[in-house]
Amino acid sequence: MLDTTIRYPANKECKSNCHDLHNDDIYQYGCEFEFYIDTNRYVFKEAIEQIKNDISEFSNVDILLDITALPTDEDKNHCIQIKPDQSLKDNGIEISIPITSKNGVKHYITHILQLIEKYGINEFVGYDNVTYKSKILALLDENFKEISTLNKNSNGWIMLDKTPFYATSGGQSGDVGALEDNEHIAIIEDTQKFHGLNLSKVKVTNSTLNQGESVDAVVVNRYEIAKHHSATHLLQSALKMVLGDTVSQAGSLNDTSRLRFDFTYPKAMTTSQIDEVEDLVNSMIARGIAGNVEELPIDQAKNKGAIAMFGEKYGDMVRVVSFSDVSVEFCGGTHVKNTADIGSFYIVKESGVSAGVRRIEAVCGTAAIAYTKEIINSMNEIKAEIKNNDVIAGIKKLKDQIKDLKKEVETAQSQTSAPISEEIIGDTKVVVAVVENGDLKKIVDDMKNANEKLAILLLQAKDDKVLIVAGSKNTNVKAGEWILNIAPIVGGGGGGRPDFAQAGGKDVTKVEEAKIAALAYAKENL
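Residues numbered from 1 in each chain as written. Predicted model: local features only at pLDDT ≥ 70, side-chain atom pairs only at ≥ 80, totals over all residues. Heavy atoms only, no water.

Summing up its helical and strand segments, the protein has eleven helices and 32 strands in all. Counting only residues that meet the buried cut, the protein has 45% of its 526 residues in that class. A separation of at least 24 residues holds for 62% of the contacts in the protein among residues at least 6 apart in sequence. As displayed, the protein has an accessible area near 26300 Å², and 48% of this comes from carbon and sulfur atoms. (Helix = DSSP H or I, 4+ residues; strand = E, 2+ residues; numbered from the N terminus. Buried < 20%, exposed > 50% of the residue type's maximum accessible area, 1.4 Å probe, protein only. Contact = heavy atoms within 4.5 Å. Areas by Shrake-Rupley, 256 points an atom, 1.4 Å probe, with all protein chains shown as cover.)

And the structure:
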């Protein structure tokens, strides 16, 4: 399954403005380009002038450059700022090669082309084999320079004459595995394609690897990747059934533990649509539909209804992967022989990628088993915590309990633990008290409403803080000044209006002292 690209119109006018800023770290170019959703890279179809000078003998090579930020639609016809991380693209296959100088690209291409001239293109035999007795045609160090031996505990790249390792392409992750026999143990960490060459990144863990030796090449991740890749095909068919034929692929990723599928659609999917798509895919899996792979002339493949990725270039002969008439697509990847091999399929997430592009993340195979086990374990933990096997009923009961407790708290806060003592000074009621429970502001408001002349100051110690609220109605005591005199005793401050004020403090040991001082203040000022 080939990655779909979004293509902006070619910017012919900007081409004449391409220039080198003469800075070793940043270049700025404007040329015709394509935006690859999966890789956040811009592909410049026409050779970038400065770099083209470095590789003039390879004028037909496409150059890819990583960028630091995605331009907006308004920016697409302007020059783009790029950091000098060059990559090469061949037949839709990408590989990033960070470089430290402009000539790094030339050196990399030179090494690869020397291999092609010396050995030709090696053969991929992984469609029918996950193990193969292969001969080491070439060994490369980490900088792609050919060497004759890779020593123990060293890293590099290996070129096999016939390789079962699939190279990253079309959204499918490259194979990993091992080189194992009586003499060798080496780990294959990744597989990539370089100008048609299938090379595997290798870490030698035992003995050495020598050019010309024969080794047993073993792929270890193929089956789970194949399950996810085939499930992606089924997913695209299901999306078309549910959302309509206007849905088209806009990027994909398939590895051992997940699949990611980007597709064109103007809005978020509803829960019922997601469920319907998931059910359709699982139905296709349960039917046990046999897979079929064939090489066909491109016109015959199109007449068969095979889905071709928009904008991709195909040769006269194409590889078509089909599962009956449920899914028929152009695809160079590896797949299961029967949909039943996929096991089960779960959509984990549906989200937006950009305007008009949605993304589905899903799992199948052993990853689906792990996913369901995680859900079951979490559900069992929830049941244990709420002490109810019926989770929904248990949660409802907890919500009712929380509601009742909130009411109890509100009731408790509106009441004091003991009657508040009152004192009449002249014709004014004076209340100065320490209140253990209740809403002080509400108590003050209620007492002001119930009395014609009132001076009231309440204190409350809660945890390691002190709250003070004061009120005055038709008296000479101003609440704000009263608070300013009392709050410092408990290590706080505050203020307010003449009729109402509040403050906080942090010394709960001085509450009684503050109470005595507050009463004295009231007597002095009435």
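Read on for the rest.
So, on to the sheet that holds strand β30 (residues 465–473). Reading across from one edge, β27-β28-β29-β30-β32-β31 is the order of the six strands in this open sheet, with mixed pairing throughout. Only two strands of the sheet have a single neighbouring strand rather than two, namely β27 (423–425) and β31 (493–496). Adjacent strand axes in the sheet meet at a mean angle of 15°, parallel and antiparallel pairs treated alike. By the bridge criterion, four bridges tie β31 to strand β32 (residues 500–505) in an arrangement that is antiparallel. Note that in β32 the partner of Gly-494 across the bridge is Ala-503. Helix α9 (residues 440–450) contacts β28 (428–434), β29 (454–462), β30 and β32 of the sheet and is inclined by roughly 15° relative to β30. Sheet contacts for helix α10 (residues 479–486): β28, β29, β30, β31 and β32; angle to β30, the most-contacted strand, approximately 150°. (Pairing = 2+ DSSP bridges. Axes fitted to C-alpha atoms, helices over the stretch in contact; angles between N-to-C directions.)

Moving on, we come to the nonpolar core. Leu-239, Phe-263 and Phe-345 are the most contacted members of the largest nonpolar core, which has 31 residues in total. Elements supplying a minimum of two residues to this core: α4 (222–243), β21 (259–264), α5 (271–286), β23 (317–323), β25 (345–354) and β26 (357–364). Of the residues forming this core, the biggest block, eight residues, is contributed by α4. Beyond its immediate chain neighbours, meaning those up to four positions away, Phe-345 contacts Ala-231, Leu-235, Leu-259, Glu-278, Val-281, Asn-282, Ile-285, Ala-362, Val-363 and Cys-364. (Core = buried A, V, L, I, M, F, W, Y, C linked by side-chain atoms within 4.5 Å.)

It is worth spelling out the packing of α10 against helix α11 (residues 511–525) at this point. Interhelical geometry of α10 versus α11 gives an angle of 140° and a closest axis separation of 10 Å. When the axis of α10 is compared with that of α11, the two are oblique. Crossing handedness for the pair α10 and α11: right-handed. Contact residues: α10 offers Glu-481, Trp-482, Asn-485 and Ile-486, while α11 offers Ala-514, Ala-517, Ala-518, Tyr-521 and Ala-522. Looking at the contact of α10 with α11 residue by residue, the classes come out as seven nonpolar, one polar and one charged. (Parallel < 35°, antiparallel > 145°, perpendicular 65-115°, else oblique. Left-handed = near helix turned anticlockwise from the far one by under 90°. Nonpolar A, V, L, I, M, F, W, Y, C, P; charged D, E, K, R; others polar.)

Before going further, it helps to examine the sheet that holds β23. Strand order in the open sheet made by the three strands is β22-β23-β24, with antiparallel pairing throughout. With partners counted over all chains shown, the strands left at the sheet margins are β22 (291–297) and β24 (327–330), one partner each. Within the sheet, the average angular offset between the axes of one strand and its neighbour, ignoring direction, is 25°. By the bridge criterion, seven bridges tie β22 to β23 in an arrangement that is antiparallel. By the bridge assignment for β23, Val-293 is matched with Val-321.

Here α4 crosses helix α7 (residues 365–386) at 85°, and the two axes come no closer than 7 Å. By the criterion of interaxial angle, the relationship of α4 to α7 is roughly perpendicular. Contacts between α4 and α7 involve Glu-224, Lys-227 and His-228 on the former and, on the latter, Gly-365, Thr-366 and Ala-367.

Looking now at the environment of Asn-210. In this fold, Asn-210 is placed in strand β18 (residues 209–210). As a C-alpha pair, Asn-210 and Ile-147 span 63 residues in sequence and 9.0 Å in three-dimensional space. Those residues within four positions of Asn-210 in sequence are excluded, and the remaining contacts are Ile-136, Leu-139, Ser-148 and Thr-149.

All right, on to the environment of Ser-344 then. By the secondary structure assignment, Ser-344 is in the loop between β24 and β25. It is 9.4 Å that separates the C-alpha atoms of Ser-344 and Ala-367, two residues lying 23 residues apart in sequence. Here Ser-344 is in contact with Asn-282, Ile-285, Val-363, Cys-364, Gly-365 and Ala-368, once residues within four sequence places are set aside.

Moving on, we come to unusual backbone geometry. Even without being a glycine, Ser-324 presents a positive backbone phi close to 55°. Among the secondary structure elements, Ser-324 is positioned in the loop between β23 and β24. For Ser-324, a relative accessible area of 44% translates into the label partly exposed. Of note, the phi angle at Asp-463 is positive, near 60°, even though the residue is not glycine. Mapped onto the fold, Asp-463 is located in the loop between β29 and β30.

Below, the discussion takes up the layout of surface pockets. Roughly 490 Å³ of internal volume is contained in the second largest pocket. Lining of the second largest pocket is provided by 22 residues; of these, Tyr-127, Thr-334, His-335, Val-336 and Lys-337 occupy positions nearest its centre. Those elements that provide at least two residues to the lining of the second largest pocket are α4, β22 and β23. Partitioning the lining of the second largest pocket into residue classes produces eight nonpolar, eight polar and six charged. (1 Å grid on protein atoms, 1.4 Å probe; cavity = no way out; pocket = protein on both sides within 12 Å on 5 of 7 lines; lining within 4 Å. Points joined across faces, edges and corners; volume = space filled by probe spheres on them.)

In this section: the confidence of the model for the protein. Scored by pLDDT, the protein has a mean of 80; 77% of the residues are at 70 or more. Of all secondary-structure elements in the protein, the lowest mean pLDDT belongs to strand β1 (residues 6–7), at 28, while α5 reaches the highest, 97. Note on residues 1–106: pLDDT is under 50 here. Beyond four places in sequence and across chains, it has 228 contacts. (pLDDT = per-residue confidence, 0-100.)

For the rest of this paragraph, the subject is α5. Counted at 1.5 Å a residue, the expected span for α5 with its 16 residues is 22 Å, and the 22 Å between its end C-alpha atoms agrees. Within the span of α5, buried status applies to Gln-273, Ile-274, Val-277, Glu-278, Val-281, Met-284 and Ile-285. Taken end-on, α5 shows its buried residues confined to a sector of 135°, consistent with a single buried face. For α5, the exposed residues lying more than 90 degrees away from the buried face are Thr-271, Ser-272, Asp-279 and Ala-286. Against α4 and β25 lie the buried residues of α5. Phi for Gly-288, located one or two positions after α5, is positive at around 60°. (Expected span 1.5 Å × (residues − 1). Arc of directions from axis to C-beta.)

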